[in-house]
Amino acid sequence: MTASADRVQGIFNRIAPVYDDLNDWLSLGLHRVWKQMTVKWSGAKPGDRALDLCCGSGDLALRLAAAVGPGGQVVGADFSAQMLDRARERPQGFRPLAPIAWVEADALNLPFADQEFDCATVGYGLRNVTDFDQALRELYRVLKPGATLAALDFHRPDSAIAQQFQQLYLDRLVVPVAQQFGATAEYEYILPSLQRFPVGREQVQRAQAIGFRSVRHYPLVGGLMGVLVATKP
């Protein structure tokens with residue numbers, strides 16, 4: 001593991017105990033809506049074997065498990081052992097869910113067979129990998145022909161006004177709220193990670209270069225968020 005990957009892994013291990021509460025505060029609960037949209041765009045259907053990469057504390061994986069139902073299967077994969085511990089402890093509610101296997105895994109070298117999954121989701125994960133293209137290549141490899149990937153993440157908006165709003169949001173809300181949870185340093189990494197992260201049109205081009213087709217990037221919240229949707233032919 002590179003020093004950069006080790007640093008990111010350390011960040012997520014440290015914030016695991018407060019991660020869910022912070023997401024609720026910082027998105028006013030709207031992250032649930034965005035995650036449900038991501039599951040819908042993945043095309044997950046009853047009986048599918050589905051992958052939630054960079055699953056964190058398991059919120060998106062549980063939504064995926066509801067979509068594929070008891071006849072399906074879900075793998076939640078993450079490189080943070082502490083996040084996976086939180087995922088295993090998360091209440092599953094009363095919905096009929098697919099069984100979920102929680103797997104510690106490197107997004108750049110997935111421990112899964114070729115063409116293993118019918119669909120895949122990623123929530124706030126591709127921005128944090130050290131090699132965006134390699135992560136996409138691995139997702140392409142493990143997806144079956146006709147399978148769709150849907151990846152939700154923060155996004156750099158195109159308009160100057162939206163960029164200013166995003167800066168204010170990070171400076172005036174994200175970092176102060178993170179400070180209340182004792183995670184200031186861990187959440188200050190978001191802006192540098194955004195500056196390195198490909199914007200939507202670049203994500204589309206790079207996914208197409210790897211082999212994905214029917215690739216789209218859907219902006220959300222005025223471009224502050226986005227979902228990359230790509231299908232393996």
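Residues numbered from 1 in each chain as written. Predicted model: local features only at pLDDT ≥ 70, side-chain atom pairs only at ≥ 80, totals over all residues. Heavy atoms only, no water.

Draft legend 1. Layout of the state of the cysteines. Counted under the stated rule, the structure contains zero disulfides. The structure places no disulfide on C54, whose sulfur is separated from the nearest cysteine sulfur, that of C55, by 8.1 Å. We classify C54 as buried; its relative accessible area is 18%. (Disulfide = S-S within 2.5 Å. Buried < 20%, exposed > 50% of the residue type's maximum accessible area, 1.4 Å probe, protein only.)

Draft legend 2. Representation of the sheet that holds strand β7 (residues 225-231) within the structure. Taken in spatial order, the seven strands make up an open sheet running β3-β2-β1-β4-β5-β7-β6, and their pairing is mixed. Both edges of this open sheet fall to β3 (100-104) and β6 (213-220), since each of them pairs with a single strand only. Within this sheet the neighbouring strands show an average axis-to-axis angle of 15°, counted without direction. Sheet topology places strand β5 (residues 143-154) next to β7; seven bridges connect them, and they run antiparallel. What sits directly across from L152, in β7, is V227. With respect to the sheet, helix α3 (residues 31-41) is in contact with β4 (117-123), β5, β6 and β7, its orientation differing from that of β5 by roughly 160°. On top of the sheet, helix α4 (residues 59-68) reaches β1 (49-53), β2 (73-78), β3 and β4; it is set at about 170° to β1, its chief contact. (Pairing = 2+ DSSP bridges. Helix = DSSP H or I, 4+ residues; strand = E, 2+ residues; numbered from the N terminus. Axes fitted to C-alpha atoms, helices over the stretch in contact; angles between N-to-C directions. Contact = heavy atoms within 4.5 Å.)

Draft legend 3. Quick peek at the nonpolar core. L51, L53, L126, L136, L139 and L149 are the most contacted members of the largest nonpolar core, which totals 32 residues. Once residues within four sequence positions are removed from consideration, L139 is found in contact with L51, L53, L110, A120, V122, L126, L149 and F212. Core analysis: the next-biggest nonpolar cluster, separate from the first, contains 18 residues, L64, A65, V68 and I100 among them. (Core = buried A, V, L, I, M, F, W, Y, C linked by side-chain atoms within 4.5 Å.)

Draft legend 4. Inspection of unusual backbone geometry at higher detail. Positive phi, normally seen in glycine, also occurs at Q115, with a value near 55°. Tracing the backbone shows Q115 in the loop between β3 and β4. Using a relative accessible area of 44% as the deciding quantity, one classes Q115 as partly exposed. Residue S214 is not a glycine yet carries a positive backbone phi of 50°. Turning to its location among the elements, S214 is positioned in strand β6.

Draft legend 5. Representation of the environment of G223 in the model. Within the element layout of this structure, G223 appears in the loop between β6 and β7. Spatially, the C-alpha atoms of G223 and Q166 are 9.6 Å apart, while their sequence positions differ by 57 residues. If sequence neighbours within four positions are ignored, G223 has contacts with H155, R156 and P157.

Draft legend 6. Looking closely at the pairing of β2. With five of six residues buried, β2 lies mostly within the body of the structure. Sheet topology note: the β1/β2 ladder contains five bridges and is parallel. Bridging from a neighbouring strand, L53 pairs with A77 of β2. The parallel pair β1 and β2 is bridged by α4, and the resulting crossover is right-handed. Across five bridges, β2 lies against β3 in parallel orientation. Across the sheet, V75 pairs through a bridge with A101, a residue of β3. In this region the chain leaves β2, passes through helix α5 (residues 81-89) and returns to the parallel neighbour β3; the handedness of that crossover is right-handed. (Right-handed = clockwise from strand over helix to strand, strands pointing away.)

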